[in-house]
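Structural features, examined
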Amino acid sequence: MRPSEPFLTPYLTGPDKNLTIEEVTQRVFPVWTYSYLALLLPVFLFTDYVRYKPVIIIQGISLIITWLLLLFAHGVRAMQLVEFTYGMMTATEVAYYAYIYSVVSVDHYQKVTSHCRSITLVSTTVASLLGQLLVSLAHVSYFYLNAISLASVSMAFISSFFLPMPQKSMFFHRKSSPEVSIGPTDKNPPDTSNQQGKDVSRSSQKTHQQFKNQDPKHFLAVLMQLCKDLKECYTTKKLLYWSIWWALATAGFNQILNYVQVLWDDKAPSHSSAVYNGAVEAIATFLSSITSLAVGYVKLNWDLTGELALGIFSALDAGSLFLMHFTWNIWVCYAAYVVFKACYMLLITIATTGLNRATKFKAPQPKGHEDTNSVTHED
C-alpha cells in the first residue's frame, strides 16, 4: 500500500520539494520512462536466471530506496534518482507474475491472472482511498503519506524473504520432467537397481543439472533457444497482433500514469484547489479490479471475441484520452480517466491470459502426465 502515489506531483511542486511544474515534467518524470525501457530486457533475463525470488527482493530494495529519497533528499538530481529507482521497481514487476505462473498449471492461468491483477488493484484502491481520507479529513501532509508508504514497502520487503524458492524457470532452469527416469540413462547410469541406487541417481542428475546451468556454453545455448522461441512465436499472426497491441498499449498507459497528475494540476492547480487525486485513483482501480476479476469467470472464447473486444475498448480508451485533453472541467477529466483505466485493465488481463496460453513451452513429460502442466510461463 502506497497512499502517497496519487499525490506525487503536488508533493514535488509543493513546499516539501519546491520544484517547478516544468522541472517535474521535463527533467524528472522522463527519467522513469527511459530507465524502465533500458532495464526491461536485462531484468527479464536475470529474473529467469535467478528464478524470480531474488528479483522480488531487489524490487523491495528499490522501493525502500525510492521512498527514502522522496522523504529526505532534495533537488532535481535527487528526484531524478528517485525516478530511476522507481524504474527499476517497475521493470522488476515481471518477477511477481512469473513467480506465480511458475507454481500453477496452465489450466489455472486465466483465474490466476485475474486474481493477481485484482489483488494488486484492490490494494491500490485501499491505499488511494486512505491517502484521500487522510489529506481531506485529517489534513495530513504529503510528507507523512510518504512515511506511511515507506513503512508499507519495508514490510513487503521483509515478507519477500519468506517466499519459497521455485525449482524451475522458463529458460535457464527448465526441467525435462517432474521426476527423473528410474531406468539407466547416458548422463546418470545407476550403479544398482535398488531404491538406494535410484536415490543416488536422482541426486546425481540434480547436481549435474546445477553445474550445467552454470556453464557459459549453457548460457549461450539458452540465448540461442530464446531467439528461436521468439522467432517461432511471432510467426503466429494472432500472437503478433496481440503483442504489438500489448507493447503500444502498455507504453501509452505508462505515459498516462506518469503525466496524468500534471494534467490534473493544469486543469485545477493543487496550490489553489482541493486535490481529489486519491479518490479518483481509488474509484478507477476499484472498477479495474472488478473488470480484471470478471475475466477469470466469464466463459467466452477469447480467441474468437478477443479482437472484437480489443477494437471496441481500445476505441473507448482513445476517446477518453481526447476528452481528458480537450475538457477544462476537472470532473469530466477525472471521469474520463476512470473509464480509460478500467478499459485498459480489462484488455490487459485478457491479453495476459491469451499470450500465456499461446506462448507455452512444452517440455518432455513422463508417461501419465499431460503436456504443459509443469512448465513455466512468464507474463
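Up top is the structure.
Because the structure is predicted, anything quoted here is derived from the model rather than measured.

Calculation criteria
Residues numbered from 1 in each chain as written. Predicted model: local features only at pLDDT ≥ 70, side-chain atom pairs only at ≥ 80, totals over all residues. Heavy atoms only, no water. Core = buried A, V, L, I, M, F, W, Y, C linked by side-chain atoms within 4.5 Å. Buried < 20%, exposed > 50% of the residue type's maximum accessible area, 1.4 Å probe, protein only. Helix = DSSP H or I, 4+ residues; strand = E, 2+ residues; numbered from the N terminus. Contact = heavy atoms within 4.5 Å. Patch = residues over 30% accessible without salt bridge, like charges linked within 9 Å, V, L, I, M, F, W, Y side chains within 5 Å. Areas by Shrake-Rupley, 256 points an atom, 1.4 Å probe, with all protein chains shown as cover. Salt bridge = Lys/Arg side-chain N within 4 Å of Asp/Glu carboxyl O. Phe/Tyr/Trp six-rings, centres within 6.5 Å; stacked < 30°, edge-to-face > 60°. Lys NZ or Arg CZ within 6 Å of the ring centre and 35° of its normal.

Glancing now at the nonpolar core. With 29 residues, the main nonpolar core has Leu12, Leu19, Leu70, Met79 and Tyr142 as its most contacted residues. Mapped onto this core, the elements with two or more residues apiece are α1 (8-13), α2 (21-50), α3 (53-72), α4 (76-91), α6 (109-136) and α7 (142-160). Looking at this core, the element that brings in the most residues is α3, giving seven residues. Setting aside anything within four residues of it in sequence, one finds Leu12 in contact with Lys17, Asn18, Leu19, Val24, Phe29, Leu70 and Met79.

Taken together, Met1, Val122, Val126, Leu130 and Ile148 make up a surface patch of nonpolar side chains, about 360 Å² in accessible area. Element by element, the count of residues in the nonpolar patch is highest for α6, at three residues. Residue placement: Val122 occurs in helix α6.

Across all of its chains, the model carries 14 aromatic pairs by this definition. Pairing Phe29 with Tyr259 gives two aromatic rings, centres 5.9 Å apart and planes at 75 degrees, and the pair type is edge-to-face. Placement of the pair is Phe29 in helix α2 and Tyr259 in helix α10 (residues 237-267), with a sequence separation of 230 residues. Taken together, a centroid distance of 5.1 Å and an interplanar angle of 80 degrees make the contact between Phe157 and Phe161 edge-to-face. Since its relative accessible area comes to 18%, Phe157 is described here as buried. Phe161 gets classed as partly exposed once you look at its relative accessible area, which sits at 44%. In this structure an aromatic cluster arises from ring pairing among Trp264, Tyr276, Trp331, Tyr334 and Tyr337. When the ring centre of Trp328 is taken as reference, the NZ or CZ atom of Lys267 above it lies at 4.4 Å.

Trans peptide bonds make up the majority, and among non-glycine residues the majority have a negative phi. Here Asn18, not a glycine, exhibits a phi torsion of approximately 60 degrees, which is positive. Within the secondary structure, Asn18 sits in the loop between α1 and α2. Judged by its relative accessible area of 61%, Asn18 is exposed. Despite not being glycine, His139 has its phi angle at roughly 55 degrees, a positive value. Tracing the sequence through the fold places His139 in the loop between α6 and α7.

Moving on: the pattern of salt bridges. Under the definition given, this model contains two salt bridges. The salt bridge involving Glu5 is made with Arg2; its shortest N-O contact spans 2.9 Å. Between Glu281 and Lys341 there is a salt bridge; the shortest N-O distance is 3.0 Å. Residue Glu281 is located in helix α11 (residues 277-295), and its partner Lys341 is located in helix α13 (residues 330-358); the two are separated by 60 residues in the primary sequence. Given a relative accessible area of 9%, Glu281 falls into the buried group.

No statement about biological role is implied by the geometric values presented.
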